[in-house]
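Each chain, letter by letter, is given below.
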Amino acid sequence: MWSDMIGNTVGLIALALGWRRSIWTWPAQLLSGVILVAAYASAQLSGGVGKQLLVIGVALWGWRLWTRGTQRAQDGSIAIRFATWKERGVLLAGTAVGTLAVGALFTAVPSLSWNPWPDAYIFVGTLAAMVAQARGLVEFWFAWLLVDVVGVPLAFSSGLAFSGLVYVVYLALVLWGMRDWWLRSRAAASRPVMEGAPA
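In what follows, the accompanying structure is described. (Residues numbered from 1 in each chain as written. Predicted model: local features only at pLDDT ≥ 70, side-chain atom pairs only at ≥ 80, totals over all residues. Heavy atoms only, no water.)

What to know about the packing of aromatic side chains
Part 1 of the reasoning: Going through the model one piece at a time under the given rule, you end up with two aromatic pairs.
Part 2 of the reasoning: Summarising the aromatic geometry, the rings of Trp-26 and Trp-66 are spaced 5.5 Å apart at their centres and angled 90 degrees between planes, so their arrangement reads as edge-to-face. Of the two residues, Trp-26 is situated in helix α2 (residues 25–42) and Trp-66 in helix α3 (residues 46–68); the sequence distance between them amounts to 40 residues. This pair shows no difference in class: Trp-26 is buried, exactly as Trp-66 is.
Part 3 of the reasoning: Between Phe-140 and Trp-141, the ring centres sit 4.4 Å apart and the planes meet at 40 degrees, which makes this aromatic pair tilted. Each member of the pair, Phe-140 as well as Trp-141, carries the same accessibility label: buried. (Phe/Tyr/Trp six-rings, centres within 6.5 Å; stacked < 30°, edge-to-face > 60°. Helix = DSSP H or I, 4+ residues; strand = E, 2+ residues; numbered from the N terminus. Buried < 20%, exposed > 50% of the residue type's maximum accessible area, 1.4 Å probe, protein only.)

As for helix α4 (residues 85–108)
Part 1 of the reasoning: Between the first and last C-alpha of α4 there are 34 Å, a value that for 24 residues agrees with the 34 Å anticipated at 1.5 Å per step.
Part 2 of the reasoning: The set of residues buried in α4 consists of Glu-87, Gly-98, Thr-99, Val-102, Gly-103 and Phe-106. (Expected span 1.5 Å × (residues − 1).)

Digging into the pattern of salt bridges
Part 1 of the reasoning: One pass over the full model with this rule turns up three salt bridges.
Part 2 of the reasoning: A salt bridge links Glu-87 to Arg-81, with the nearest nitrogen and oxygen atoms 2.8 Å apart.
Part 3 of the reasoning: Of the residues examined, Arg-81 reaches a relative accessible area of 33% and is grouped as partly exposed.
Part 4 of the reasoning: The salt bridge involving Arg-135 is made with Glu-87; its shortest N-O contact spans 3.5 Å. Residue Arg-135 is found in the loop between α5 (116–134) and α6 (139–157), and its partner Glu-87 is found in helix α4; the two are separated by 48 residues along the sequence. (Salt bridge = Lys/Arg side-chain N within 4 Å of Asp/Glu carboxyl O.)

Some words on the nonpolar core
The nonpolar side chains of a soluble globular protein tend to be buried, and buried together.
Part 1 of the reasoning: Core analysis: the largest hydrophobic core is formed by 47 residues, its most contacted members being Trp-26, Met-130, Trp-141, Trp-144, Tyr-167 and Trp-181.
Part 2 of the reasoning: Those elements that place two or more of their residues in this core are α1 (2–19), α2, α3, α4, α5, α6 and α7 (161–188).
Part 3 of the reasoning: Setting aside its immediate chain neighbours within four residues, Trp-26 contacts Val-58, Ala-59, Gly-62, Trp-63, Trp-66, Met-130, Gln-133 and Ala-134. (Core = buried A, V, L, I, M, F, W, Y, C linked by side-chain atoms within 4.5 Å. Contact = heavy atoms within 4.5 Å.)

Points about empty space enclosed by the protein
Part 1 of the reasoning: What the rule picks out here adds up to two cavities of 30 Å³ or more.
Part 2 of the reasoning: Size it by volume and the largest cavity reaches roughly 280 Å³.
Part 3 of the reasoning: Taken together, 21 residues form the lining of the largest cavity, with Gly-11, Gln-29, Ser-32, Trp-144 and Tyr-170 sitting closest to its centre.
Part 4 of the reasoning: Every element with two or more residues in the lining of the largest cavity is listed here: α1, α2, α3, α5, α6 and α7.
Part 5 of the reasoning: Of the residues assigned to the lining of the largest cavity, the class counts are ten nonpolar, nine polar and two charged. (1 Å grid on protein atoms, 1.4 Å probe; cavity = no way out; pocket = protein on both sides within 12 Å on 5 of 7 lines; lining within 4 Å. Points joined across faces, edges and corners; volume = space filled by probe spheres on them. Nonpolar A, V, L, I, M, F, W, Y, C, P; charged D, E, K, R; others polar.)

Have a look at this one:
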């Protein structure tokens, strides 16, 4: 489907911009979400539609957060760091509880999803990843990695071949981006953080 292809291509661009810590990652994610709503709706994947609506909402929030943020690296981009143990605990607990709640909802109302638990996992995992990204946490890459593990087979089995292929590319970009953010966060710990305008 054209909507599937275009939406996921924009999504790849958004991921690359996120890797570069560019604020333009958020409008790109917003656009990708809008296009993919049509793709998932046509495939009757209510969980996918819900996920993309969630992407749109969190993209708006992340865009605002990065625009108003004051913590900048020396190159003017968003400063990144590892989450505290408390933040990790909140993300893991929220993801687990959210997945159980959404999975139970999808199971109770079969019309919402023909594959409730994978849909719920992707739905909530996407939220966790984007929240972590908005806060500049390296762990956002780990969250995307865990989403991809389920997203690849689900997309192929749902007939969204291009989405499946894009998820495979996502996986490569996630591993590369994870390494880059990891190294930068280590280097940033030894440098001062500047106050500055949005990147």
